Every structure is written in structure tokens, then in C-alpha cells.
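Structural overview for review
These are the residues of each chain, in order.
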Amino acid sequence: MAPIDKTKKLSIAELEAAAQDMRAYALVAIHAAGTGHPGGSFSAMDFTAALFLDEMNLEPKDPKWHCRDRVIYSGGHKAPALYVGLAAAGFYDMDSVVTLRKCGSPFQGHPHCLKLSGVEVSTGSLGQGLGVGVGQGLALRLDDCDARVYVVMGDGEQQEGSVWEAAMSAAHFKLDNLCAFVDKNRLQIDGFVENVMNIDPLAEKYRSFGWHVIEIDGHDMGQILGAFEEARATKGKPTIIIGNTIKGKGVSFMENVGGWHGMATKDREQLDAALAEIASQVVTKEKVDELLESADKWLNDTAKTIVSDHAGVIATERSYWWNEGDSMQVKMDPTRMGFGRALKEIGGDERICTLHADISKSICITDFEADNPERQNRVFSVGIAEQNMMQVAAGLALDGKIPITGTYGVFASGRPWDQIRTTICYGNLNVKIAGAHGGISVGQDGATHQALEEISLMYVLPNMHLEVPCDSVETQRSSKAAILDVNGPAYIRYAREATPIVTDANTPYKFGVANIIRFRQEEPDFIDAFEQKLSTEYKNEGETLAIIACGPMVPEAMRAAWMLKVERGIETRVINMHTVKPLDKAAIIAAAEEIGTIITAEEHQVGGFGNIIAGVAATRRGFDRPLRIEQIGVADMFGESGQPWELMKLFKLTAEDIAAKGIELLG
């Protein structure tokens, strides 16, 4: 698809055809990624085509030209629509979008302004784009520039309180250079918007805030163009265009189906069926073959580079990677499944209530009521509104309930941090917080959804309890303990992807007490090769290295201990610090005094966990030997879109990296 010549005005029919071509390209890119968001991208695509190919004043050769029009896709998951819109406007070749969500690609799972030309601001956490648009509108006014600012939002996004703060300020400042669009497709992840958290009457709400409101059919190109013209002519107030749209527009089996919010076509047959309905004259079968071949080449080339670079981390006689040998086999299971199983098991307690924030099934909080419909009256959906979720939970806790809140870790810990601090922790309220999808192993969603900061954010809060379990079995046990045995705030951090199961029902577990893990000998099953004891029952065996880890880094630490013993004869004490607060200080001090050489390992910004451990280790009583501490973690940077295990290698979080660091420390 060649860039559109903006000197030539396109007809409505040409814009409609361009929108279909853009849908086709976006669909192929999502298919090639294996993940993505076709539903909202398709519902917003007609508006996107009109915006980039007719309405906005842009200069792709000078993307930062000061008096350009600005556009913000506040719903960053609609990145495929934004990317093909920018490509159609000439910012880059349309074919390159097929590398969507692949490691090293500028087309991240959510838009990143530092990686891709034309992206005004990085987005992904809903409800923030309109406020940024207000700021840009004010800046343009200060610079006496007649450019305009466009903000694209979803209807579910209107549940975020920050949207209404921005709406109030935009009207107060009389920003007639600001035009917002609500893609009102009526569906969000948890179901129909009106059932999850009704936003209507939306038009009346914006009018009451002082906006000029235009309601249109969001798929009628003539109405879209007319709305733009009316918005430009409106003076003294901002304009909101509410477009009534269909989620998954253009593909019959995707239309009005919530499941297609964030799902790629499953195979080539399904992709071809969808493309046949879109009926692009540009994205032919031959073109699809070419695009998918290009995507595979990018994926394979990147994977080879990562594998090659990682192979040089440590020299070993054989591979110690998960399940690559005949022995030391391990089963995999997402840690989030353990959280769900815990809720199902203890949900009969009438004090327990759950609060949903739109991504409920993904984080397994819905297991509470899935097979127990009688619990439904204790389930409350607050919609996309994390701050409100914490406030509602606080109210429930004040009246003796045990509220369990849950969402992705980035939104559970960061967005409502002040509510958690001042209302929940200061009052020592019995609120439980599930911080799901922790770490970079979230994968293709990219940095905006990869929680790498919450250990620091939660640990620093007085009265908070913090659990970071190592596998799905321990997640089930630690969730039950945090919910039923802890009286006060508790945060449970768990991951999304399948990780090794390294504990079982016989593994000792006690809240607040670390486990000491020792490699004994290779066995057919990985878990049987290790002995695990509570730190309070462990006697020093004269190890030369300690690895203190939490979460899914514990299995990596165990694998490193195996590798170090077989390859170098190094005896390693692995400490599973599943309870990060309250911390098992005695286990840390014992490692510092008895061993003196420590590596901390976290799937988190380096130091969030490691500095906590180092601070305790420094209080050791004996100084007859030096204390050496190194830290494994994400090196003060944001994450990246890519396959989970690919990212573990890229960010140097694997057992090989831990083992190499151990050998370096020991000389």
C-alpha cells in the first residue's frame, strides 16, 4: 500500500477502500505476531483512515515539525490501527508493520514514542491520553500555532476517573483546538460496557462538562468527515466525536464478539477467511505470503542473534535449558493458575469479596465464582478504574469483609499507589491486592504492561505484606496465607506465562519464612533433584555461593545451582524468599555470615529486591570474611515486546546469567 498523496483529496469511496486495506494489513500483522488487538483496531479503523488520509496536517519527512497536527491513541492496545495509519500517511513502509510485537521491532505491543517516528506519546495505561492532549493544546496556544490535537479513546476507557479530570480542564481552558473521539463499540474485555460499568448517557455528560458533542455512525465515512468539519468550526470549547462502532468491524465472526478484543487469528485458514471478508484489493494472497515470510525472517533472525549472544554467557559441556535433556524434566504451569485455584478453594468464606477491573479472566480472579454461581453476589466489577477499585475495597474492609482486588501489576501497584498508601496501609485495612502479570515475561504486550517496579512500590509501604511466590503451587499456598492468615494489606505478585513447577504439596511452606534449596543429584524429575527446608530448620553445609531469589527467578536459581555443581563443583545455597515483607532477615544474615558471596535474582528492576537483601546482609555480625553481593535483574530500563523466554535471555535473567555471575564472583 503506497503512501497517500495528500495533495490530492481522496473521495469517500477511496477513503473507504483505504480503510479496508489498512484493516487487512493490521490483521496480517496481528496474525504474524500471534497476539494483538483486532477488535478495537477494526472498530476505530474508518476514523483512523479519515484522520490520517484527509484530516490531519502532517509532514512525514519532518515528523517533529512544530505546527503539525497531533494525534494520541490513548487506548494504546489499538496500536495496529495507529501504525497502519502512520504508514498510510507516509511515515514508513506499510509492509514493515508486519514485525508488530516482535523483539527489536519499533512496532511495540503498545506505542512507544522513542522507538517509532510519528508516535506523539507512549500509551498503554488507559485514561491518560486526554490529559496529555490538553497539555499539547495549551502548548500550541502559547506558541500561537493553529495546529489541532486529536485524541482517540475507547468507551470502556471512559470509566477511568482521569478522563473526567481532563475533560473538565479542557473545557475550563476553552481548548477549541482539541478534538477527541470515543470509539463506542460497546464492548470491553469483561463484557458489554453497560453491564461492566455503564458510562451512559455519555453525550450528556460531556455536554455538562462544557464540550461540544457530535454523535455519528463511526463507520460512515461521510459522517466522519462532516464531524471533522463541524469540530474545526466550533470555537471556544473542545469537541468530542462519539462514534457508534462495531468491535471487529469488517469480519463477521469477529463483530460484536468480546473475545476478539485481544486475540489473533488461530491459523492461516481463519486468516484467509477474515481477509476474504475484508476484500482488500491490495492485500492479496500473494501479498500475505510475502508479508508472513518477512515476519518469519525477522523472528528467526532475531531469535538466532539472541540465542547466539546468550550462548556465550557461560561455557558448559552440555545444555541445561529447561527440558532439553533426557533427565531433569519439569512441568510448566502459569503461576496465575495457582491464584485462581486458591480463590476457588477458600471462596466459601462469606467474608471474601472480589473486585474486577476489566481483565478478570486473564488474571484468574474469576475462578472465585466460575464454578460457584452462588458467590456471584460477592463479585463487584468497577470497570477500568483502579483507583476507585482500591477505595471501594477499603470501604468493604472497614465493614469486616476481605476484599480481593486484581489487575495487571503495573495498574495494581502504580496507578492507585496513593490510595493504597493513604487509605489502605495507613489505616491497616485488610485489603488483598493481586498484582498479576509481573515481570518482563508478560511478553508481546511490551513495556507498558510489564510490571518491573512493584516490589519497590509495595515494600516501602508500612503495614504492607508482600508475597512473590516461585511457581503455581506456591502461589496457591501463599495466596491462601495472605488472604486468610494475614490481618492487614497484602500484595501477591505473580506471573502470566507458564513457568517451571519446583514445589509440591510436600514442600515446606510458612508465611514469612524463606525456604533453603540444595541441589543433591540429577534425577529424572527436576523437582526431585533438590532438597527444600524451612530456613529455621537448615544447618550450614559450607556452601561457597548463595543465590537469594523470588518469584519465577527461583527456578532459574535452582537451575543455576545444578549447572554450577556439575560444571564447576560449586556448592550453592538457593534461598527462596517468597515472602518479601515481612522479610526472613535471619536467613539473609546467615548467608552473609556463613557464605559471604551472594547473588540476588529478581524479574524486576534491578535493586528493587536486591537492595532490600543487601541492606539486611550488611547488618551481619561477623566481619571475618568479605561480603560480596551482585544483583541479577532488569538493568534500569523498560521492557520490550517479544516472546517471554526470548526476553528472559535478552534481559540476562536466566540461570546461565546467574551462574556466570557466580563464577565471576568466586574468581
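Above this text is the structure in question.
Reading the values: rules and limits
- Residues numbered from 1 in each chain as written.
- Predicted model: local features only at pLDDT ≥ 70, side-chain atom pairs only at ≥ 80, totals over all residues.
- Heavy atoms only, no water.
- Disulfide = S-S within 2.5 Å.
- Helix = DSSP H or I, 4+ residues; strand = E, 2+ residues; numbered from the N terminus.
- Axes fitted to C-alpha atoms, helices over the stretch in contact; angles between N-to-C directions.
- Parallel < 35°, antiparallel > 145°, perpendicular 65-115°, else oblique.
- Left-handed = near helix turned anticlockwise from the far one by under 90°.
- Contact = heavy atoms within 4.5 Å.
- Nonpolar A, V, L, I, M, F, W, Y, C, P; charged D, E, K, R; others polar.
- Pairing = 2+ DSSP bridges.
- Buried < 20%, exposed > 50% of the residue type's maximum accessible area, 1.4 Å probe, protein only.
- Right-handed = clockwise from strand over helix to strand, strands pointing away.
- Core = buried A, V, L, I, M, F, W, Y, C linked by side-chain atoms within 4.5 Å.
- Arc of directions from axis to C-beta.
- Polar contact = N/O pair within 3.5 Å; in protein donor to acceptor, adjacent residues only side chain to side chain.
- Phe/Tyr/Trp six-rings, centres within 6.5 Å; stacked < 30°, edge-to-face > 60°.

Details of the state of the cysteines
This model, assessed by the stated rule, comprises one disulfide. With its sulfur 2.2 Å from that of its partner, Cys67 forms a disulfide with Cys145. In this pair, Cys67 sits in the loop between α3 (45-55) and β1 (70-73) while Cys145 sits in the loop between α5 (129-142) and β2 (149-154), placing the two residues 78 residues apart along the sequence. Lacking any disulfide linkage, Cys470 is separated from the closest cysteine sulfur, that of Cys550, by 10 Å.

Observations concerning the packing of α5 against helix α6 (residues 161-172)
Packed helices, taken two at a time, are described by their axes: the angle between them and the distance between them. Between α5 and α6, the shortest axis-to-axis distance is 8 Å and the interhelical angle comes to 25°. Classified by the angle between their axes, α5 and α6 sit roughly parallel to one another. Note that α5 runs across α6; the crossing there is left-handed. Contacts from Leu130, Gly131 and Val134 in α5 reach Val163, Ala166, Ala167, Ser169 and Ala170 in α6. When its residues are assigned to classes, the contact of α5 with α6 shows six nonpolar, two polar and no charged.

Quick look at the sheet that holds strand β9 (residues 352-356)
Within the open sheet, the seven strands sit side by side as β10-β9-β11-β12-β14-β13-β20. Their pairing is mixed. Edge positions in the sheet fall to β10 (379-381) and β20 (579-581), since each has one partner strand and no second. Going from strand to strand, the sheet's axes swing by 20° on average, the running direction of each strand aside. Judged from the five bridges that link them, β9 and strand β11 (residues 402-408) form a sheet pairing that is parallel.

Some remarks on the pairing of strand β14 (residues 490-493)
Residues Ala490 and Ile492 point to one face of β14 and Tyr491 and Arg493 to the other, with burial holding for every one of them. In the sheet, strand β13 (residues 465-467) pairs with β14 via three bridges, with the strands oriented parallel. Its bridge partner lying in β14, Leu466 is registered against Tyr491. Running through helix α18 (residues 472-485), the crossover from β13 to the neighbouring parallel element β14 is right-handed.

Details of the nonpolar core
Counting 68 residues, the largest nonpolar core has Val28, Leu51, Phe52, Tyr83, Tyr92, Val97 and Ile241 as its most contacted members. Core analysis: the second largest hydrophobic core is formed by 46 residues, Ala397, Ala514, Tyr538 and Ala592 among them.

Overview of helix α10 (residues 268-278)
Taken as a whole, α10 has its buried residues at Gln270, Leu271, Ala274, Leu275 and Ile278. For α10, the angular spread of buried residues about the axis comes to 135°, placing them on one side. Relative to its buried face, α10 has exposed residues pointing more than 90 degrees away, namely Glu269 and Ala276. Tucked into the core, α10 has its buried residues touching α1 (12-33), α2 (38-43) and α11 (285-311). Capping the start of α10 is the job of one residue whose side-chain oxygen sits 3.3 Å from the backbone nitrogen of Glu269: Asp267. Directly after α10, the chain includes Ala279, whose backbone phi takes a positive value near 60°.

What to know about the environment of Lys64
Tracing the backbone through its elements, the reader meets Lys64 in the loop between α3 and β1. For Lys64, a relative accessible area of 56% translates into the label exposed. Taking C-alpha positions, Lys64 is 7.9 Å from Gly118, a pair spaced 54 residues apart along the chain.

Looking at the packing of aromatic side chains
The full count for this structure, using the stated rule, is 17 aromatic pairs. Between Tyr83 and Phe107, the ring centres sit 5.2 Å apart and the planes meet at 70°, which makes this aromatic pair edge-to-face. Pair noted here: Tyr83 is in helix α4 (residues 79-88) and Phe107 is in the loop between α4 and α5, with a separation of 24 residues, a long-range link. With relative accessibility at 0%, the residue Tyr83 sits in the buried group. With 4.6 Å between their ring centres and 40° between their planes, Trp164 and Tyr206 make a pair best called tilted. Of the two residues, Trp164 sits in helix α6 while Tyr206 sits in helix α8 (residues 202-208), which places them 42 residues apart along the sequence.

In short, shape yes, function no, at least from these values alone.
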